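Chain by chain, the residues:
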Amino acid sequence: MRNNVCSQRLDPTSRRLRLPRDQEVIINDTVGFIRALPPDLLSAFRATLEEISGSSLLIHAVDVSNPRWTQQVQSVKRILVELKLADIPVILALNKADLLDDEELATAVRRAQAEGSEVVAISAIREASLSPLLERAGAILARNLAAQSADDERYRSPVSLIA
């Protein structure tokens, strides 16, 4: 019997990381791949995503070589709205960029930007492609930190949360 799995991973993993701007962050890998969540699984997922509710930034990594990548991005956006997490800044990391030719990648970046996304193309096998992602994350965190009032608990800590 075939198991219809909507998500490959629901359990969070946390790691500390130092960004280029000498910012210390905690990375929470919570989501995994989401195709569609039925209402009962959404309830379970809601508890898992409590980890990111206090995050300063979400990095949404999507396999840009997958023909359905835009649908996957829309599914994640919809779920973030349903979970009331859509106000957290997001960087869309177009992963596996090395599998596309230059024209395909440029088209994908333009398409994601047209949807209003902060976009960075990355490839796990091209280490240099990760630097722009870390730089962008550091810049967004610095900008958001400067814009927040001292009353906001999320921004008092010298450690930012990224999911």
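Below or above, wherever it landed, is the structure these notes cover. This structure is a prediction, so every number in the text was calculated from the model and none was measured. (Residues numbered from 1 in each chain as written. Predicted model: local features only at pLDDT ≥ 70, side-chain atom pairs only at ≥ 80, totals over all residues. Heavy atoms only, no water.)

### A word on the overall build of the protein chain
Definition in use: Elements are defined by DSSP. Helices are runs of H or I of four residues or more, strands are runs of E of two residues or more, and each kind is numbered from the N terminus. Only protein chains enter the accessibility calculation, which uses a 1.4 Å probe; a residue whose area is less than 20% of its type maximum is buried, one above 50% is exposed, and one in between is partly exposed. Whether two residues touch is decided by their heavy atoms; if any such pair falls within 4.5 Å, the residues are in contact. Method for areas: the Shrake-Rupley scheme with a 1.4 Å probe, in which residue coverage is limited to the protein chains shown.
Within the protein chain one finds four helices and six strands. Along the protein chain, from the amino end to the carboxyl end, the secondary structure elements read β-β-α-β-α-β-α-β-α-β. Taken across its 163 residues, the protein chain has 37% of its residues classed as buried. Partitioning the intrachain contacts of the protein chain with sequence separation of at least 6 by distance along the chain shows that 70% fall at a separation of at least 24. When the accessible surface of the protein chain is split by element, carbon and sulfur atoms take 51% of a total near 9,800 Å².

### Quick notes on the pattern of salt bridges
This is how it is decided: For salt bridges, the criterion is a side-chain nitrogen of Lys or Arg within 4 Å of an Asp or Glu carboxyl oxygen.
Summed over all chains, the structure comprises three salt bridges. A salt bridge links Asp63 to Lys96, with the shortest nitrogen-to-oxygen separation between them at 3.4 Å. Of this pair, Asp63 sits in strand E3 (residues 58-63) while Lys96 sits in the loop between strand E4 (90-95) and helix H3 (102-114); the two residues are 33 residues apart in sequence, bridging distant segments of the chain. For Lys96, a relative accessible area of 36% translates into the label partly exposed.

### Quick look at the side chain of Ser117
Assignment of secondary structure puts Ser117 in the loop between H3 and strand E5 (118-121). Leave out the neighbours within four places in its chain, and Ser117 touches Lys77, Leu92 and Ala112.

### Considering the sheet that holds E3
In plain terms, the rule: The pairing criterion for strands is at least two bridges between them, as found by DSSP. Axes, fitted as lines to C-alpha atoms, cover a helix only where it is in contact. Angles between the N-to-C directions of the axes lie from 0 to 180 degrees.
The parallel open sheet is built from three strands, whose spatial order is E3-E4-E5. Each edge of the open sheet is held by one strand with a lone partner, namely E3 and E5. Adjacent strand axes in the sheet meet at a mean angle of 25° when their direction is disregarded. In terms of strand pairing, E4 meets E5 through four bridges, oriented parallel.

### A few points about helix H4 (residues 130-147)
What counts, and what does not: To estimate the expected span of a helix, subtract one from its residue number and multiply by 1.5 Å. Each C-beta atom gives one direction from the helix axis, and the arc is the one those directions make.
The first and last C-alpha atoms of H4 sit 26 Å apart over 18 residues, in line with the 26 Å expected at 1.5 Å per residue. When H4 is considered as a whole, its buried residues turn out to be Leu133, Ala137, Gly138, Ile140, Leu141 and Asn144. End-on, the buried residues of H4 take up no more than an arc of 165°, which puts them together on one face. Within H4, the exposed residues directed more than 90 degrees away from the buried face are Ala146 and Ala147.

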